[in-house]
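# Examining the three-dimensional arrangement
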Amino acid sequence: MRLCRGRLRMAVRDYPERLFIVKRLAGAFWLIAICGFALRAANGPRVIEGIVQDPLGAIVADAEVTLRSGAEQKVMATTTTDEYGHFEFLSLLAGDYVVEVTAPGLQAQQAAVNIGSVPVAPLRISLRLAGTKQEITVRATAGVGVAPSVTENAAALSIDQGALQGLPAEGDDPLAIPSLFVEPAATGAQGPSIVVDGVETNSLDVPVASILEVRVNQNPYAAEFQRPGTGRIEVTTRKGSYHHYRGLLSELFRNSALDARNPFATVTPPLQRSVTEGQLSGPLAKHVSLFLAGRYYYDKETAVINAQTPTGLLVENFGTPERNNYAYGRLDFALSPTQDLTVAYKFKDKSKQNRNVGGFDLPDRAVNLFDRENELKVFENAILSSRLLNDFRFTYLEERQGTDSLVNQPAILVPGAFKSGGAQTILHQTERAASLQDIMSFVTERHTIRFGGGIRPRLFDTYDASNFGGTYSFASLSTYAAGAPYLFTINQGNPAVSYSQKEYFSFFDDDFKVNRRLSLSAGVRYEGQSNLHDYNNVAPRLALAYALGQKTVLRAGAGVFYDHQPDIFQQQALLYNGQQVRQIVLENPPFPVPLPGSSGLSLAPPSIVTIAPGIQTPYLIQGSVTVERKLNERSYLTFDFTTLRGLKLYLTRNINAPLPATGQRPNPNYVNIDQFESSGRSRSNILTVTYRTALRSHFDLFAQYAFSRSTDNTSGFLFLPANNYDLTSEYGRSDFDRRHRFKVFGTYEMPWGFDAGAILNLSSGIPFNITTGFDNNHDTVANDRPPGVGRNTGLGPGYADLDLHLSKNFRLRREYAKPKLEIGVDAFNLLNATNDKSFVGVLTSPYFGRAEAANPARELQISLRFKF
């Protein structure tokens, strides 16, 4: 322990200095940006702009917006909302105006606006289904006397297409920024929930140009969704315009000649990356719009090997190329003023070569991966009456995934030193899944009621011939040199299996405006699964928003959120049942041949995988209290305290491990019986401060600081405890537990066509587990810890990263919104900070207390976009 702590002190001694430099430079950047905006805003034109929404808060594109003078009602200008529901009128004089918005199937709405010396805040106009036309008066100093919304909060993150292109994102990944604001304690067994156009999906994998908006923590306690707001990412895709043609051609380029050297490499690792995207949208017929987008991603990247082999230290670069193709298209049909139909198609083809190499993994551990997917979506939205809406959603996907080892040799594992031999991974799986949902919305003056449900049947065909060549595990380099592995494992049998799984849900939610100060949201959700005999998964949700004054809102909420059982449970239990595939586990075998022949292996008792009888659905209980303060028309400050408790969480336990008292296995017919069960628990407390501002349309800033503590006794459903008969010592810091996290991003539209964007990410270190390196309790897993040492007691250094985007727009014609060219550059890890990762906690490792690898050094990315 003293050695570990001493090495950790050396690793973190330079961190405060790096952190200080990052903070000073980041502060200077934002000070310059704010001062630049102030100079621009003082002389800028007066503007009326806003967003048009339907009664449920969804944007309304192609709505007709008319600007009239306040006195004569003379038409001053007309426009239509863009795909983001946004409109604007520029260069206006002081005076009174009326903005009128009309859209098919919705009532017209008017807003009276007074322009004075103070800029007018952006309008948010909600079109109604029924009732008379409502007039709203908007003045620069006026307050709005309506109940605060429960479904919208100032701490929610919303990133539209413009922000996605204006912020630095490596490889143009649309989830890179939203993922920073996902709370790990609120995600499920398989990570955060990704909801695309209202339907939960396995992954996003679409061209960035096809994304309209990405949101996190919107409507945190909505019964419509499985996970809480900070545990899900909502994505809305774009549709074509019925009136205008729009297009985009873009190219992103990276080359290692522009990058700094990785701290663990002797020379700069070779790299070449290009990302090409194209997009076209517009009217196909009078009531039909078309949207097409494609993406080609080529990455000739390099992994850095840093391993201690029997012949000495090995540090080298190893190529890991990747090619991805994405295509997305949709047709939108305006069947009538009250009915829309959408037909969308997504294609994905991903190919990754030489993966699983780097750090301690040598080149012969390489695997090739592929992932191909076809997905069809059909959405129908209908206004059934003046108060009733219906959303019907159907999707069907077929996805084929595969992983193949390049070397068919027994694997050699020496934890904390090196891993060689074949990867022993041959896994092919085909999934066919459909999703059927129908959601009704009933809207009145004070109530918005949503109810509905859905079902998701899934079929799997799996071929898993992994470890059919065998794996030797050694405790240290010295035992490897002596030819004394502590374990040999090998699989034999039929690796093909098919199975199915159905997931279904129903929900009811009522958003109720009690009075001008108070809004309530009460709902309930029911989760079910075909292969899980746990039928009481009723999840109530409750939230409120209370206006303490014109500028302060108190928010509170509580809810229960159930998880799904991962499909891998069935796959493992059906494959490794002792008959389909036999798992042979031998302790202290001879090396390199475990037994004289295969007949000897067939006589060895097998190991099996089972699902615990009566296994239950994990669930999360979340409660929160938030104080939201409106500082000015476009600036908000929020203080939020959230507590989360996870119960019946998944983990794996060997119920046939040797008994501590006798050293004998309970069932002598088997070696290991690894059982999936729901006996884990967790607890998290998080204090979050969020600041959001938007200074007119030129500067946007979103900053968030979180102080948190997360503890649990499981690292996931594949987690095996050190002591299979006592989980007490497993309860400790969560793998993702970072006490301090500070994240800020902003975009600034500068004069002369320049745009800037930046992301600053600072956090304290995460823990790591300390183990002896030996299988002390003979349960065939070398995860035993020294006496008195709990789980995750090691601590790694903090993380500091500053990314910057700078671009220049060139208008190819003088008219507004005509074709333009954008040239940009992104700098990732601008200050070239060393951020170590994957700290080694194996006492027998020569790397004990040190990092196995590091996050990338400074990288530069050049972008070229042509918009028309």
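Everything quoted here is computed from the prediction, not taken from an experiment.

### A short note on the overall build of the protein
For the protein, the helix and strand inventory stands at six helices and 46 strands. In the protein, buried positions account for 52% of the 868 residues. Sequence-distant contacts, at least 24 apart, represent 70% of the contacts inside the protein between residues at least 6 apart. For the protein, the computed accessible surface area is about 37100 Å², with 58% contributed by carbon and sulfur atoms.

### What to know about unusual backbone geometry
F591 connects to P592 through a cis peptide bond whose omega is 10°. By the element assignment, P592 lies in the loop between β31 (581-587) and α6 (598-603). At N832, a position not held by glycine, the phi torsion is positive, near 55°. Within the element layout of this structure, N832 appears in the loop between β43 (820-828) and β44 (836-839). Classification of N832 by relative accessible area gives partly exposed; the value is 30%.

### Comments concerning the sheet that holds strand β13 (residues 232-237)
Taken in spatial order, the five strands make up an open sheet running β9-β12-β13-β10-β11, and their pairing is mixed. Strands at the two margins of the open sheet, each flanked by one partner only, are β9 (157-160) and β11 (199-201). On average, each strand axis in the sheet is inclined to that of its neighbour by 25°, with strand direction left out of account. Where strand β12 (residues 211-216) lies against β13, five bridges are found, and the strand directions are antiparallel. Bridge pairing in β13 links V214 to V235.

### What to know about the pattern of salt bridges
Tallied over the entire structure, the rule returns 45 salt bridges. Across the salt bridge formed by R254 and D259, the nearest N and O atoms sit 2.8 Å from each other. Three or more residues are tied together by salt bridges with common partners; here these are D205, K346, K348, K350, D371, E373, E375 and E399.

### Description of the environment of D82
Relative to the elements of secondary structure, D82 occurs in the loop between β3 (75-80) and β4 (86-92). The spatial distance from the C-alpha of D82 to the C-alpha of V52 is 9.8 Å, given a sequence separation of 30 residues. With sequence-adjacent residues up to four places away left out, D82 is seen in contact with A61, D62 and R246.

### Some remarks on the packing of aromatic side chains
The full count for this structure, using the stated rule, is 22 aromatic pairs. Ring geometry for F569 against F676: centres 4.1 Å apart, planes inclined by 5°, an arrangement best described as stacked. Residue F569 is found in helix α5 (residues 568-575), and its partner F676 is found in strand β35 (residues 673-695); the two are separated by 107 residues along the sequence. As far as burial versus exposure is concerned, F569 and F676 are alike and both buried. Residue placement shows K808 over the ring face of F810; its charged tip is 4.3 Å from the ring centre.

### Let's talk about a nonpolar patch on the surface
The grouping of F253, L258, W752, F754, L806, V825 and I862 at the surface amounts to a nonpolar patch, some 650 Å² of accessible area in total. The topology assignment puts L806 in strand β42 (residues 799-811).

### With respect to the nonpolar core
With 24 residues, the main nonpolar core has I48, F87, V99, V101, L123 and I125 as its most contacted residues. Secondary structure elements with two or more residues in this core: β1 (46-53), β2 (64-69), β4, β5 (95-103), β6 (106-115) and β7 (123-126). Residues contacting I125, with those up to four places away along its chain left out, are I51, V52, Q53, F87, V99, V101, Q109 and A111.

### Considerations on the confidence of the model for the protein
Overall, the prediction assigns the protein a mean pLDDT of 87, with 90% of residues at 70 or greater. Throughout residues 1-44 the model reports pLDDT below 50, and contacts reaching past four residues in sequence, or to other chains, amount to 56 contacts. When the criterion is pLDDT under 50, residues 130-144 qualifies, and its contacts beyond four places in sequence or with other chains add up to 29 contacts.

### Description of the environment of D349
Its place among the elements puts D349 in strand β18 (residues 339-355). With 52 residues separating them in the primary sequence, D349 and Q401 have C-alpha atoms 9.9 Å apart. Non-local contacts of D349, meaning those with residues more than four positions away in its chain, are made with R323, N324, N325, D371 and R372. Within polar-contact distance, the side chain of D349 engages the side chain of R372 at 3.4 Å.

### With respect to the side chain of Q583
Summarising the element assignment, Q583 is placed in strand β31. A residue is classified by how much of its surface remains accessible, and Q583, at 18% relative accessible area, is buried. In this view, Q583 contacts I490, N491, Y576, P605, P606, S607, I608 and V609; residues no more than four positions away in its chain are not counted.

### Comments concerning the side chain of Q429
Following the sequence through the fold, Q429 ends up in strand β23 (residues 426-443). Side-chain polar atoms of Q429 contact the side chain of T462, separated by 3.0 Å. Once residues lying within four places of it in the same chain are set aside, the contact partners of Q429 are E399, R400, Q401, F460, D461, T462, Y499, D567 and Q571.

### Looking at α5
Summarising burial for α5: six of the eight residues are buried, a large majority. Regarding α5, the residues found buried are F569, Q570, Q571, Q572, A573 and L575.

The rules we used
Residues numbered from 1 in each chain as written. Predicted model: local features only at pLDDT ≥ 70, side-chain atom pairs only at ≥ 80, totals over all residues. Heavy atoms only, no water. Helix = DSSP H or I, 4+ residues; strand = E, 2+ residues; numbered from the N terminus. Buried < 20%, exposed > 50% of the residue type's maximum accessible area, 1.4 Å probe, protein only. Contact = heavy atoms within 4.5 Å. Areas by Shrake-Rupley, 256 points an atom, 1.4 Å probe, with all protein chains shown as cover. Pairing = 2+ DSSP bridges. Axes fitted to C-alpha atoms, helices over the stretch in contact; angles between N-to-C directions. Salt bridge = Lys/Arg side-chain N within 4 Å of Asp/Glu carboxyl O. Phe/Tyr/Trp six-rings, centres within 6.5 Å; stacked < 30°, edge-to-face > 60°. Lys NZ or Arg CZ within 6 Å of the ring centre and 35° of its normal. Patch = residues over 30% accessible without salt bridge, like charges linked within 9 Å, V, L, I, M, F, W, Y side chains within 5 Å. Core = buried A, V, L, I, M, F, W, Y, C linked by side-chain atoms within 4.5 Å. pLDDT = per-residue confidence, 0-100. Polar contact = N/O pair within 3.5 Å; in protein donor to acceptor, adjacent residues only side chain to side chain.

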